[in-house]
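Each chain is listed here by its residues.
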Amino acid sequence: MIVKDYTEMSKLAADAVVGLLESKPAAVLGLATGSTPIGLYEELVQRYHHGLDFSQVTTFNLDEYYGLASDHPTSYHYYMQQHLFQYLNIPATSINIPNGATPEPAGECRSYEAKIAKVGGIDLQVLGIGTNGHIGFNEPGTPFGNTTSLVNLAPATIEANSRFFERREDVPRQALSMGIRSIMNCRRIVLLANGENKANAIAAAVEGPISETLPASVLQLHPDCTFILDQAAAKNLTHSRG
Ligand code: F6R
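Residues numbered from 1 in each chain as written. Predicted model: local features only at pLDDT ≥ 70, side-chain atom pairs only at ≥ 80, totals over all residues. Heavy atoms only, no water.

Let's shift gears to the overall build of the chain. What the chain contains, in helices and strands, is seven helices and ten strands. Seen along its three principal axes, the alpha-carbon backbone of the chain occupies a region of about 45 × 40 × 35 Å. When each of the 242 residues of the chain is scored for burial, the buried share is 53%. Sequence separation of at least 24 residues holds for 79% of the intrachain contacts in the chain that already meet a minimum separation of 6. Roughly 10,600 Å² of accessible area belongs to the chain as shown, and the carbon and sulfur atoms make up 51% of that amount. Across the chain, 17 positive and 24 negative side-chain charges occur, with their mean positions spaced 3 Å apart. (Helix = DSSP H or I, 4+ residues; strand = E, 2+ residues; numbered from the N terminus. Buried < 20%, exposed > 50% of the residue type's maximum accessible area, 1.4 Å probe, protein only. Contact = heavy atoms within 4.5 Å. Areas by Shrake-Rupley, 256 points an atom, 1.4 Å probe, with all protein chains shown as cover. Lys, Arg positive; Asp, Glu negative; His and termini not counted. Charge placed at Lys NZ, Arg CZ, Asp CG, Glu CD.)

Okay, structure coming up:
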């Protein structure tokens, strides 16, 4: 879907979450961080104030920087608290984010997958997309069969995310990320993208060949995946779908 602007994109994404919670109050939500979903989270907070109940919801975040403690101001734990969780009534025990401070990343990744399986899988996964086509922190070249893993960040990702850190050297080089397979197992996916810097990645993901060199292209194989794009992010699509 191509919408007018960032506000419309965020509202439409919030509508998808509301629709799910109306039919399934104990839904499992998959969440992303970064700049893109901030408007969605603001919308969800508004809707919570208007009566939307999150008390039975369980959440799983896509990823966390490896080596950052949860109270570090650039950690994704901190981000989620700041932008969403502090405002909603999701029980703390129902919130799941990979522990980036773990001394045992392989065990942490295995237990993360086990927790997702235990609640019956993710109903709705929200995704952003990197300028290099990554989803989660699955960088170009990541095997489609991967589940949650310790991954290396691509130079383009370190560069893009350095805006959140004081110095480029401070950006962690690794992360714990749900894998492509973990993402493809989600029952429904909503990918959000806004801005011209995403236009090439979006065109390649939607209209290009399905290839591990462009991780988001795998979504062409998902049975229930919606892209919600602003005009700028959609501008390189040859077959625009309203
Ligand atoms: C975030 C994530 C990443 C971002 C992507 C886009 O949890 O997994 O894939 O969605 O890097 O980031 P922004 O939205 O900052 O452009």
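Restricting attention to buried positions, one finds in helix α7 (residues 199–207) the residues A199, A201, I202, A203 and A205. Buried-residue contacts for α7 involve β9 (188–193) and β10 (225–230).

Turning to the packing of helix α1 (residues 6–23) against helix α2 (residues 38–49), a few remarks are in order. The contact between α1 and α2 brings their axes to 8 Å, and the two run at 55°. Classified by the angle between their axes, α1 and α2 sit oblique to one another. You can see that α1 and α2 cross each other, and the crossing is right-handed. On α2, the residues that touch Y6, S10, K11, A13, A14, D15, V17 and V18 of α1 are I38, G39, L40, E43, L44 and R47. Grouping the amino acids of the contact of α1 with α2 by side-chain chemistry returns eight nonpolar, two polar and four charged. (Axes fitted to C-alpha atoms, helices over the stretch in contact; angles between N-to-C directions. Parallel < 35°, antiparallel > 145°, perpendicular 65-115°, else oblique. Left-handed = near helix turned anticlockwise from the far one by under 90°. Nonpolar A, V, L, I, M, F, W, Y, C, P; charged D, E, K, R; others polar.)

On to the site of the ligand, then. Near the ligand lie 14 residues; those nearest to it are T36, D63, H134, G136 and K198. With respect to the ligand, the backbone of S35 contributes an N or O atom lying 2.8 Å from an oxygen atom. Note that an oxygen atom of the ligand is positioned 2.5 Å from one of the side-chain N or O atoms of D63. A breakdown of the residues in the shell around the ligand according to their chemical character gives three nonpolar, eight polar and three charged. (Near = heavy atom within 4 Å. Polar contact = N/O pair within 3.5 Å; in protein donor to acceptor, adjacent residues only side chain to side chain.)

As a further point, take the sheet that holds strand β4 (residues 63–65). Strand order in this open sheet of three strands is β4-β8-β7, and the pairing throughout is antiparallel. At either margin of the open sheet sits one strand with a lone partner, and together these are β4 and β7 (149–152). Strand-to-strand, the axes of this sheet are offset by a mean angle of 30°, without reference to chain direction. (Pairing = 2+ DSSP bridges.)

Attention shifts here to the pattern of salt bridges. Counted according to the given criterion, the structure contains eight salt bridges. A salt bridge links R47 to D15; the nearest nitrogen and oxygen atoms lie 2.6 Å apart. Of this pair, R47 sits in helix α2 while D15 sits in helix α1, and the two are 32 residues apart along the sequence. For D15, a relative accessible area of 38% gives the class partly exposed. One salt bridge in this structure joins D170 and R167, with 2.8 Å as the shortest N-O distance. Exposure remark for D170: the relative accessible area of 29% places this residue in the partly exposed category. A relative accessible area of 47% places R167 in the partly exposed class. (Salt bridge = Lys/Arg side-chain N within 4 Å of Asp/Glu carboxyl O.)

Grouped together as the largest cluster of nonpolar side chains are 41 residues, with contacts concentrated most on L40, Y41, L44, F54, M80, L84 and L192. Listed by contribution, the elements that provide at least two residues to this core are α1, β2 (28–31), α2, α3 (76–83), β6 (124–127) and β9. Ranked by residues supplied to this core, first place goes to α1 with eight residues. Listed in part, the 31 residues of the second largest apolar core include L62, I122, I202 and A205. (Core = buried A, V, L, I, M, F, W, Y, C linked by side-chain atoms within 4.5 Å.)

Turning our attention to the pairing of β6. Along a regular strand, successive side chains alternate from one face of the sheet to the other. Residues L124 and V126 point to one face of β6 and Q125 and L127 to the other, with burial holding for every one of them. Across two bridges, β2 lies against β6 in parallel orientation. Within β6, the residue paired with G30 across the bridge is Q125. Bridge count for β6 against β9 is four bridges, and the pairing is parallel. Along β9, the bridge assignment pairs L127 with L191.

Further remarks concern the sheet that holds strand β5 (residues 95–96). Taken together, the seven strands give an open sheet; going across it, the order is β1-β10-β9-β6-β2-β3-β5, and neighbouring strands pair in parallel fashion. A single partner strand is all that each edge strand has here, and the edge strands are β1 (2–3) and β5. Strands β3 (58–61) and β5 of the sheet are contacted by helix α4 (residues 105–118), whose axis makes an angle of about 150° with β3. Packing against the sheet, α7 makes contact with β9 and β10, and its axis sits at approximately 150° to β10.

Read these as spatial facts, not as claims about activity.
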